[in-house]
Amino acid sequence: MPSAAIRLDPAFRVGPLDRRLFGTFVEHMGRCVYTGIYEPEHPTADEDGFRTDVLELVRELGPTVVRYPGGNFVSGYRWEDGVGPVEERPRRLDLAWRSIETNEVGFNEFMAWARKAELEPIMAVNLGTRGVQEACELLEYANLPAGTSFSDQRVAHGEKQPHDVRMWCLGNEMDGPWQVGHKTASEYGRVAAETARAMRMVDPTVELIACGSSNSAMPTFAAWEAVILEHTYHMVDHISMHAYYEEVSGDLPTFLASGVDMDRFIEAVVATADHVGARLRNPKKLGISFDEWNVWYEKGRFVGAGNLEIEQAPRLIEDVFNVADAVVVGDLLITLLRHADRVAIACQAQLVNVIAPIRTEPGGPAWRQTIFHPFAHTSRLAHGQVLRPVLDSPTYSTSKFGEVPVLDATATWDEGTGSLSVFAVNRSSADPLDVVVTLTSFGALEVAEAMELSDGDPYAANTEQEPERVQPRPLAVMLEDGVLRFTLPPVAWSAVSLTQVRAQT
Ligand code: AHR
């Protein structure tokens, strides 16, 4: 049986884990908001109309931050439509998804939901059809205590305390021709820099995210980053990245290696940002806000969806995820953790129904998709420092990325609690993999829990009828003399958590 080795040492570190890496995304798209998080007629709805069955699953999933309200939606959004008396709010045509937006849920309702879900918000401002003025007005409404026109409006709308939103995206995917108000790099760079400058005049403490490319296949990729950062470098804290993966034409080996693509993409954006920083003689290092990532299949039918009927809360891209998708999601989390020295924020897109870990039916149940599990357990178990493992793995060939390692793995180490967590995937669709992890530098350890997610059928999925078909199972591990051993089946994600045995005082 093929075998791979992992060597870990508490001294070999990538850096501290920013827990904002376990972010999520709620867009006014399809059924993410309406009949997703919000459904006043649902039997589990609370006094504000939020589904408590969904809230419970969100808490179990364990995201830390939530990006809102888009996505492509934000590029045509008027935030004022969503505040004030609900019965006076307009029904608008949302151009991004050719949907009716009722505005029943707006900024204050969303903030109430985020509080219940214990999530810190990341707001996006509209730099498609709007600009500096409206972004500043929303920030004033959100963050100023009172005594100015927009902050007083918030108070009049029943929100006495400022929302104190720290993180703000300067638009969304502005390089994409599908974006309402799409811009060239220099057009966007100018408006983003001016918006950032003005927003800091309203609230100097905000953290700002400039729009990077929509994906690495964009013809303008890297040139876009270079140009927009020339304008914005000194004004922003992060640059955004987006990436979605899918199995194309039954090429499972390439799909399972999606993390290799994400690795290369992150390294390219970091290199480009650092180049601009060097050129500008600016010692600051930008963070990466990987604020949209996931597996996504159905996009062809909906991006630039001019051919669709105009509907309210339509069923858009409600992908059903399988075991292989969950393994890829687990590996993408490993990839993000590996880059924890630069990835400050990451948001899996999206949270409910729309390419989401949580699915719902109107008036019906809510359930966990396969991709729910690696996210929930990685978020729960990863703490402290991300370690830099030395990996020794056999390779396999892929049509897109050449030879790639069969094993991918990372680990986190929390010195305070003495907890070590190891995350590993077997990307092989053919063979099981023996994994040997050397942990001798940690002193005495004991295994706290060990799990794996795999299935005889890599295309097995969870559905409304069979919501628990795929879930993690206990993984048999052996720990002897500081060496941990386990065997992963083909197409498997795993997590093992260990605790340092400390002398009682
Ligand atoms: O997450 C779905 C869509 O994907 C978002 O609206 C957009 O930003 C991206 O293209």
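Residues numbered from 1 in each chain as written. Predicted model: local features only at pLDDT ≥ 70, side-chain atom pairs only at ≥ 80, totals over all residues. Heavy atoms only, no water.

Moving on: empty space enclosed by the protein. A probe matching the size of a water molecule, rolled over the atoms, marks out where space remains unfilled. As enumerated under the stated definition, the model contains four cavities of 30 Å³ or more in all. One number sums up the size of the largest cavity: a volume of about 90 Å³. Lining the largest cavity are Pro69, Val74, Tyr77, Trp79, Met123, Ala124, Val125, Asn126, Arg130, Glu134, Ala135 and Leu138. Put simply, the parts of the chain that give the lining of the largest cavity at least two residues each are strand 7 (120–125) and helix 3 (132–143). Of the residues that constitute the lining of the largest cavity, the class distribution is nine nonpolar, one polar and two charged. (1 Å grid on protein atoms, 1.4 Å probe; cavity = no way out; pocket = protein on both sides within 12 Å on 5 of 7 lines; lining within 4 Å. Points joined across faces, edges and corners; volume = space filled by probe spheres on them. Helix = DSSP H or I, 4+ residues; strand = E, 2+ residues; numbered from the N terminus. Nonpolar A, V, L, I, M, F, W, Y, C, P; charged D, E, K, R; others polar.)

Strand order in the open sheet formed by five strands is 17-1-22-26-25, and the pairing between neighbours is mixed. Sheet topology places strand 17 (390–392) and strand 25 (477–480) at the edges, where each strand pairs with a single neighbour. Each strand of the sheet is rotated relative to its neighbour by a mean of 15 degrees, with strand direction disregarded. As paired strands, strand 1 (residues 3–7) and strand 17 are joined by three bridges and run antiparallel to one another. Paired with Arg7 across the bridge in strand 17 is Val390. (Pairing = 2+ DSSP bridges. Axes fitted to C-alpha atoms, helices over the stretch in contact; angles between N-to-C directions.)

A cluster of nonpolar side chains, contributed by Leu93, Leu95 and Ile310, occupies part of the molecular surface with about 270 Å² of accessible area. Looking at where Ile310 falls in the secondary structure, it is placed in the loop between strand 11 (287–295) and strand 12 (311–312). (Patch = residues over 30% accessible without salt bridge, like charges linked within 9 Å, V, L, I, M, F, W, Y side chains within 5 Å. Areas by Shrake-Rupley, 256 points an atom, 1.4 Å probe, with all protein chains shown as cover. Salt bridge = Lys/Arg side-chain N within 4 Å of Asp/Glu carboxyl O.)

Turning to the site of the ligand, a few remarks are in order. By nearness alone, every residue bordering the ligand is listed as Phe25, Glu27, Met29, Gly71, Asn72, Trp97, Asn172, Glu173, Tyr244, Glu292, Trp296 and Gln350. Note that an oxygen atom of the ligand is positioned 2.6 Å from one of the side-chain N or O atoms of Glu27. Taking Glu173, its side chain carries an N or O atom lying 2.7 Å from an oxygen atom of the ligand. Starting from 280 Å² of accessible surface for the ligand in isolation, the protein chains cover 97%. Among the detected pockets, the ligand sits in the largest pocket. Class assignment for the residues of the shell around the ligand results in five nonpolar, four polar and three charged. (Near = heavy atom within 4 Å. Polar contact = N/O pair within 3.5 Å; in protein donor to acceptor, adjacent residues only side chain to side chain. Sits in = over half its atoms within 2 Å of the grid points.)

Summed over the entire model, instances satisfying the criterion amount to 35 salt bridges. Between Arg315 and Glu361 there is a salt bridge, with the nearest N and O atoms lying 2.8 Å from each other. Of the two residues, Arg315 is situated in the loop between strand 12 and helix 9 (323–338) and Glu361 in the loop between strand 14 (358–360) and strand 15 (366–368); the sequence distance between them amounts to 46 residues. We classify Glu361 as buried; its relative accessible area is 18%. Two residues, Asp408 and Arg338, come together in a salt bridge whose shortest N-O distance is 2.9 Å. Residue Asp408 is located in strand 20 (residues 407–414), and its partner Arg338 is located in helix 9; the two are separated by 70 residues in the primary sequence. Members of the salt-bridge network, linked through shared partners, are Arg31, Arg315, Glu318, Arg359 and Glu361. (Buried < 20%, exposed > 50% of the residue type's maximum accessible area, 1.4 Å probe, protein only.)

This paragraph deals with helix 1 (residues 52–61). Within helix 1, the full set of buried residues consists of Asp53, Val54, Leu55, Leu57, Val58 and Leu61. Looking at the buried side of helix 1, the elements it contacts are helix 2 (107–116), strand 14, strand 15 and helix 10 (372–381). (Contact = heavy atoms within 4.5 Å.)

Here we come to the domain arrangement of the protein. Segmentation of the protein into domains returns domain 1 (3–10 + 385–500) and domain 2 (18–381). Centre-to-centre separation of domain 1 and domain 2, based on C-alpha positions: 30 Å. Across the boundary between the two partners, domain 1 contributes 42 residues, which contact 38 residues of domain 2. The tally of links between domain 1 and domain 2 comes to three salt bridges. For Arg427, the salt bridge goes to Asp331, with nearest N and O atoms at 2.9 Å. For the interface between domain 1 and domain 2, the tally reads 14 residue pairs in polar contact (both at pLDDT 80 or more). For the side of domain 1 that touches domain 2, the elements supplying multiple residues, two or more each, are strand 18 (395–398), strand 20, strand 21 (419–426), strand 23 (445–453) and strand 27 (492–500). Counted by class, the side of domain 1 that touches domain 2 contains 21 nonpolar, 13 polar and eight charged residues. (Domains from an automatic or database assignment.)

Looking now at helix 2. In terms of burial, helix 2 is largely enclosed, as nine of its ten residues are buried. Here helix 2 has its buried residues at Phe107, Asn108, Glu109, Phe110, Met111, Ala112, Trp113, Ala114 and Lys116. Buried residues in helix 2 make contact with helix 1, strand 4 (65–68), strand 7, helix 3 and helix 4 (149–156).

In this structure the tally under the stated criterion is 15 aromatic pairs. For the ring pair Tyr38 and Phe50, a centre distance of 5.7 Å and an interplane angle of 70 degrees mean the geometry is edge-to-face. Taken as a pair, Tyr38 in the loop between strand 3 (23–25) and helix 1 and Phe50 in the loop between strand 3 and helix 1 lie far apart in primary sequence, twelve residues in all. Here Tyr38 and Phe50 have matching classes, each one buried. Judged by centre distance (5.3 Å) and plane angle (75 degrees), the rings of Phe221 and Phe265 are edge-to-face. (Phe/Tyr/Trp six-rings, centres within 6.5 Å; stacked < 30°, edge-to-face > 60°.)

Moving on, we come to the nonpolar core. Trp113, Trp168, Tyr188 and Phe290 are the most contacted members of the largest nonpolar core, which has 168 residues in total. Of the residues forming this core, the biggest block, eleven residues, is contributed by helix 9. Taken together, domain 1 (3–10 + 385–500) and domain 2 (18–381) each give at least three residues to this core, which thus spans both. Excluding its chain neighbours within four sequence positions, the residues that come into contact with Tyr188 are Leu127, Leu170, Met174, Lys183, Ala210, Cys211, Trp224 and Ile228. (Core = buried A, V, L, I, M, F, W, Y, C linked by side-chain atoms within 4.5 Å.)

Turning next to the pairing of strand 20. When a strand is regular, its side chains alternate between the sheet's two faces. For strand 20, a buried count of eight out of eight residues is recorded, marking the element as mostly surrounded by other parts of the structure. Where burial is concerned, the two faces of strand 20 agree: the one with Leu407, Ala409, Ala411 and Trp413 and the one with Asp408, Thr410, Thr412 and Asp414 are both buried. Strand direction decides the pairing type here: strand 16 (residues 385–387) and strand 20, joined by three bridges, are antiparallel. In the sheet register, Leu387 faces strand 20, and the bridge partner there is Ala411.

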